[in-house]
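Okay, here's what each chain looks like letter by letter:
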Amino acid sequence: MRLVLQAVIIAAAAFLPFSAASADYPERPITMVVPYAAGGSNDALSRIIAEHMGRTLGQTVVIENDAGAAGTTPAARVAKSLPDGYTLIMGNMGTHGAAPAQYPRLKYDPAKDFTPIGLTAEVPAVLVTRKDFPAATLAEFIDYVRKNQDKVNEGHAGAGAPMHTFCTLLQSIMGTETARVAYRGGAPAMNDLVAGQIDFSCISLSGAIAQIRGGTVKALVVASDERVDLIESVPTSKEAGVPEFRVSAWNALFAPKGLQPGVQAKLASALDAALNDARTRERLREAGFVVPAPEKRGGTMLQSLVESEVVRWKKLLKPLGN
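Residues numbered from 1 in each chain as written. Predicted model: local features only at pLDDT ≥ 70, side-chain atom pairs only at ≥ 80, totals over all residues. Heavy atoms only, no water.

Some remarks on helix 10 (residues 261-276)
- Here helix 10 is 16 residues long and its end C-alpha atoms lie 22 Å apart, about the 22 Å a rise of 1.5 Å per residue gives.
- Taken residue by residue, helix 10 has Gly262, Val263, Leu267, Ala270, Leu271, Ala274 and Leu275 as its buried positions. (Helix = DSSP H or I, 4+ residues; strand = E, 2+ residues; numbered from the N terminus. Expected span 1.5 Å × (residues − 1). Buried < 20%, exposed > 50% of the residue type's maximum accessible area, 1.4 Å probe, protein only.)

A look at the side chain of histidine 52
- Position of histidine 52 relative to the elements: it lies in helix 3 (residues 41-57).
- Classification of histidine 52 as buried rests on a relative accessible area of 10%.

Things to note about the nonpolar core
- Ranked by internal contacts, the top residues of the largest apolar core, which has 101 residues, are Met53, Leu127, Val128, Phe141, Ile212 and Leu267.
- The leading source of residues in this core is strand 4 (residues 114-130), at nine residues.
- Methionine 53 has contacts with Met32, Val61, Leu253, Leu267, Ala270, Leu271 and Ala274, leaving out every residue within four places of it along the chain. (Core = buried A, V, L, I, M, F, W, Y, C linked by side-chain atoms within 4.5 Å. Contact = heavy atoms within 4.5 Å.)

Comments concerning the packing of helix 5 (residues 94-102) against helix 12 (residues 299-316)
- Two elements in contact, helix 5 and helix 12, have axes separated by 8 Å at closest approach and are oriented at 35°. The hand of the helix 5/helix 12 crossing is right-handed. Taking contact as the criterion, the partners of His96, Gly97, Ala98, Pro100 and Ala101 in helix 5 are, on helix 12, Val306, Glu309, Val310, Trp313 and Lys314.
- A breakdown of the residues in the contact of helix 5 with helix 12 according to their chemical character gives six nonpolar, two polar and two charged. (Axes fitted to C-alpha atoms, helices over the stretch in contact; angles between N-to-C directions. Left-handed = near helix turned anticlockwise from the far one by under 90°. Nonpolar A, V, L, I, M, F, W, Y, C, P; charged D, E, K, R; others polar.)

Looking at the confidence of the model for the protein
- On average, residues of the protein carry a pLDDT of 89, and 93% of them reach 70 or more.
- Put simply, helix 1 (residues 2-14) is where the protein has its lowest mean pLDDT, 48, and strand 1 (residues 30-34) is where it has its highest, 98.
- A low-confidence stretch, residues 13-20 stays under pLDDT 50, and its non-local contacts, those more than four residues away or across chains, total five contacts. (pLDDT = per-residue confidence, 0-100.)

Brief notes about the pattern of salt bridges
- Within this structure, the stated rule accounts for 19 salt bridges.
- Between arginine 285 and aspartate 229 there is a salt bridge whose closest N-O contact spans 3.3 Å. Of this pair, arginine 285 sits in helix 11 (residues 278-286) while aspartate 229 sits in the loop between strand 8 (217-222) and strand 9 (248-256); the two residues are 56 residues apart in sequence, bridging distant segments of the chain.
- Aspartate 229 gets classed as exposed once you look at its relative accessible area, which sits at 53%.
- Arginine 285 serves as the salt-bridge partner of glutamate 286, at 2.8 Å between the closest nitrogen and oxygen. (Salt bridge = Lys/Arg side-chain N within 4 Å of Asp/Glu carboxyl O.)

Details of the state of the cysteines
- Applying the stated criterion to the full structure yields one disulfide.
- Covalently, cysteine 167 is tied to cysteine 202 through a disulfide, its sulfur atoms 1.9 Å apart. Its torsion about the S-S bond being 80°, the disulfide of cysteine 167 and cysteine 202 is classed as right-handed. Taken together, the positions of cysteine 167 in helix 7 (residues 162-174) and cysteine 202 in strand 7 (residues 200-204) put the pair 35 residues apart, joining distant regions of the chain. There is no split in this pair, since cysteine 167 and cysteine 202 are both buried. (Disulfide = S-S within 2.5 Å.)

Thoughts on the environment of aspartate 225
- With respect to the element layout, aspartate 225 can be found in the loop between strand 8 and strand 9.
- Sequence spacing of aspartate 225 and alanine 179 is 46 residues, and the spatial spacing of their C-alpha atoms is 29 Å.
- Beyond its immediate chain neighbours, meaning those up to four positions away, aspartate 225 contacts Thr236 and Arg246.
- At 2.8 Å, the side chain of aspartate 225 and the side chain of arginine 246 are in polar contact. (Polar contact = N/O pair within 3.5 Å; in protein donor to acceptor, adjacent residues only side chain to side chain.)

Notes on the side chain of arginine 130
- Looking at where arginine 130 falls in the secondary structure, it is placed in strand 4.
- At 2.7 Å, the side chain of arginine 130 and the side chain of aspartate 199 are in polar contact.
- Apart from the residues lying within four places of it in its own chain, the contact partners of arginine 130 are Leu193, Gly196, Ile198, Asp199 and Lys218.

Notes on the environment of arginine 130
- Residue classification places arginine 130 among the buried positions, given a relative accessible area of 17%.
- Note: C-alpha distance between arginine 130 and alanine 252 (122 residues apart in sequence) is 30 Å.
- There is a polar contact of 2.8 Å between the side chain of arginine 130 and the side chain of aspartate 132.

Here's the deal with the pairing of strand 4
- Within strand 4, 16 of the 17 residues are buried, which leaves it mostly tucked inside the rest of the structure.
- Inspection of the sheet shows strand 4 paired to strand 9 by nine bridges, in the antiparallel sense. Residue pairing for strand 9: alanine 121 is matched across the bridge by asparagine 251.
- The pairing of strand 4 with strand 8 spans five bridges and is classified as antiparallel. Its bridge partner lying in strand 8, valine 128 is registered against alanine 219. (Pairing = 2+ DSSP bridges.)

Side note on the environment of threonine 56
- For threonine 56, the location among the structural elements is in helix 3.
- If sequence neighbours within four positions are ignored, threonine 56 has contacts with Ala270 and Ala273.

Here it is in structure tokens:
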């Protein structure tokens, strides 16, 4: 009965006049789902963005952390939510790019079941180890892991999450398969890395910047074409002799499919205002994020990015369990 009622509401919303559906939006708080545990990089990004968007929209944007299956469980829930603009998700390269390659029975289609609002951030991957790991360079790391892969373990935020995908690529390049420990988010994985409970992680720079700069973990390489000013002493993968390990994460805001164009435009405008704000940009930079150029942010560009990422990762990754 509830599903039937929801279907009727969605169908009725499609026939509302454009102005009626969007003119007074938003009239109540908006929920932004973060598909990981609190404290990770996706969570930090979402809170910075939500704060500014809330001021622009005149309503509170509430963060809801909901971890599960590398973010795919909450993503599936959001995909089935009412497309009224009050439920959004801060998706990423994992939930909206790599997931279809690794979850053959995924309960949503990233390219068809969402309304793209805009790209929010890009960030390179970085290989980090516990601070006393017996390797000081990428070459030494590869040599050690190849000789001791039965004794080394990797931590990630769940199979199919960006952390898992980054290291899947790296281990493929190295020709290794170490033990892989899954967590409910990047923050708990980093906590165990700092504590020495795991040996290494391949994580977005934003998820490790504080620990790298604080010296509680060791950064061996950043998987980008150019060095990052926040950790300028860390070489790029090309400089380290493994140019194939070039990968970055991206985050983006999505609503369920069927969102009224007027509401989509309001959300995109509020997001754009946040990313153009000098203070917000500096907060994101300090947290390790790269703010995308204006021409890369819009819904049309985001839709193309999702479609291309799904194709890319299906070529590189195998379904989980295979």
